[in-house]
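# A structural walkthrough
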Amino acid sequence: MPRLPKDQVPEIKLDGFGGAIEESLTRDQRRELFENPDSTVMAIVELTAKQYTGSATSEDKAPSVKVRVTFAEAARGADMENVLRDVQRRMYQARTADGTLDETDPRDPEYALRAGAGVYLGEDED
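Now for a quick tour of the structure. Note that the structure is a prediction, hence the values are computed from the model and not measured. (Residues numbered from 1 in each chain as written. Predicted model: local features only at pLDDT ≥ 70, side-chain atom pairs only at ≥ 80, totals over all residues. Heavy atoms only, no water.)

### Overview of the pattern of salt bridges
Operational definition: Definition used for salt bridges: Asp or Glu carboxyl oxygen within 4 Å of a side-chain nitrogen of Lys or Arg. Helix and strand assignments follow DSSP, with helices taken as H or I runs no shorter than four residues and strands as E runs no shorter than two, numbered in order from the N terminus. Here the term buried applies to any residue with accessible area under 20% of the maximum for its type, exposed to any over 50%, and partly exposed to those in between, with areas from a 1.4 Å probe on protein chains only.
Applying the stated criterion to the full structure yields six salt bridges. The partner of Glu 35 in a salt bridge is Arg 31, with the nearest N and O atoms 2.8 Å apart. Separated by four residues within a single helix, Glu 35 and Arg 31 lie in helix H2 (residues 27-35), roughly one turn from each other. On the basis of relative accessible area, Glu 35 is assigned to the partly exposed category, the value being 45%. What makes Arg 31 partly exposed here is its relative accessible area of 43%. One salt bridge connects Arg 89 with Asp 86, and the closest N-O pair in it is separated by 2.5 Å. Highlighted residues: Arg 89 and Asp 86, both in helix H3 (residues 78-96), separated by three residues, approximately one helical turn.

Given below as structure tokens:
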């Protein structure tokens, strides 16, 4: 794979394959999404790079990488959805606080995810 210059950032394009997402949704969630176009489902997804497009140095075309959702798990119920929304909010805060005083905020997303899943810091994981 080619290496990009440090100042160049590729575009991300989503592959149309949705099998992993479809498998993670319950029948009721699928119906809700169909019947109510503005409805949402919180999910954890894993993205895998499947194809990249580079360009010659003489071209004025941005490089891109196509990603596919290769793993997904949808929240089941309001409690699990609330945990994922909290983790999402904390991840957003951590990302946007990069280089600011808020960067040292102890309310990190990992703790929220572990707490919501019933796994608390300090416990052994097997």
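### Notes on the sheet that holds strand S3 (residues 64-74)
The condition is simple: Whether two strands pair depends on DSSP finding at least two bridges between them. Axes here mean lines fitted to C-alpha atoms, for a helix over just the part in contact, with angles spanning 0 to 180 degrees between N-to-C directions.
Strand order across the open sheet formed by three strands is S1-S3-S2, with mixed pairing between neighbours. Every interior strand has two partners, whereas the edge strands, strand S1 (11-14) and strand S2 (43-53), have only one. Recorded for the sheet is a direction-independent mean angle of 35° between the axes of neighbouring strands.

### Structural notes on H3
As a reminder, the rule being used: Any helix carries an expected span of 1.5 Å times its number of residues minus one. Summarising the geometry, the arc corresponds to the directions from the helix axis toward the C-beta atoms.
Its 19 residues give H3 an end-to-end C-alpha distance of 27 Å, which sits within 8% of 27 Å, the value for a rise of 1.5 Å per residue. Three or more residues of H3 are buried, namely Val 83, Leu 84, Val 87 and Arg 90. Taken around the axis of H3, the buried residues stretch over an arc of 125°, which confines them to a single face.

### Considering the side chain of Gln 29
Stated precisely, the cut-off is as follows: Two N or O atoms count as a polar contact when they lie within 3.5 Å, although within protein this holds only if one can serve as hydrogen donor and the other as acceptor, and sequence-adjacent residues are included solely when both atoms are side-chain atoms. It only takes one pair of heavy atoms within 4.5 Å for two residues to be counted as in contact.
Among the secondary structure elements, Gln 29 is positioned in helix H2. Judged by relative accessible area, which is 13%, Gln 29 ranks as buried. Here Arg 76 takes part through its side chain, which lies 3.4 Å from a polar atom of the side chain of Gln 29. Beyond its immediate stretch of four places on either side in the chain, Gln 29 contacts Ser 24, Val 41, Ala 74, Ala 75 and Arg 76.

### Topic: the pairing of S3
With four bridges connecting them, S1 and S3 associate as parallel partners. Across the sheet, the residue bridging to Lys 13 is Lys 66, located in S3.

### Quick word on a nonpolar patch on the surface
Quick reminder of the rule: Only residues above 30% relative accessible area that lack a salt bridge enter a patch, with like-charged residues linked at up to 9 Å and the nonpolar side chains Val, Leu, Ile, Met, Phe, Trp and Tyr linked at up to 5 Å. Accessible surface is estimated by sampling points in the Shrake-Rupley manner with a 1.4 Å probe; for residues, cover comes only from the protein chains shown.
A contiguous nonpolar surface patch, about 370 Å² in accessible area, is contributed by Leu 14, Ile 21, Val 45 and Leu 47. Among the structural elements, Ile 21 can be located in helix H1 (residues 19-24). A relative accessible area of 35% means that Ile 21 is categorised as partly exposed.

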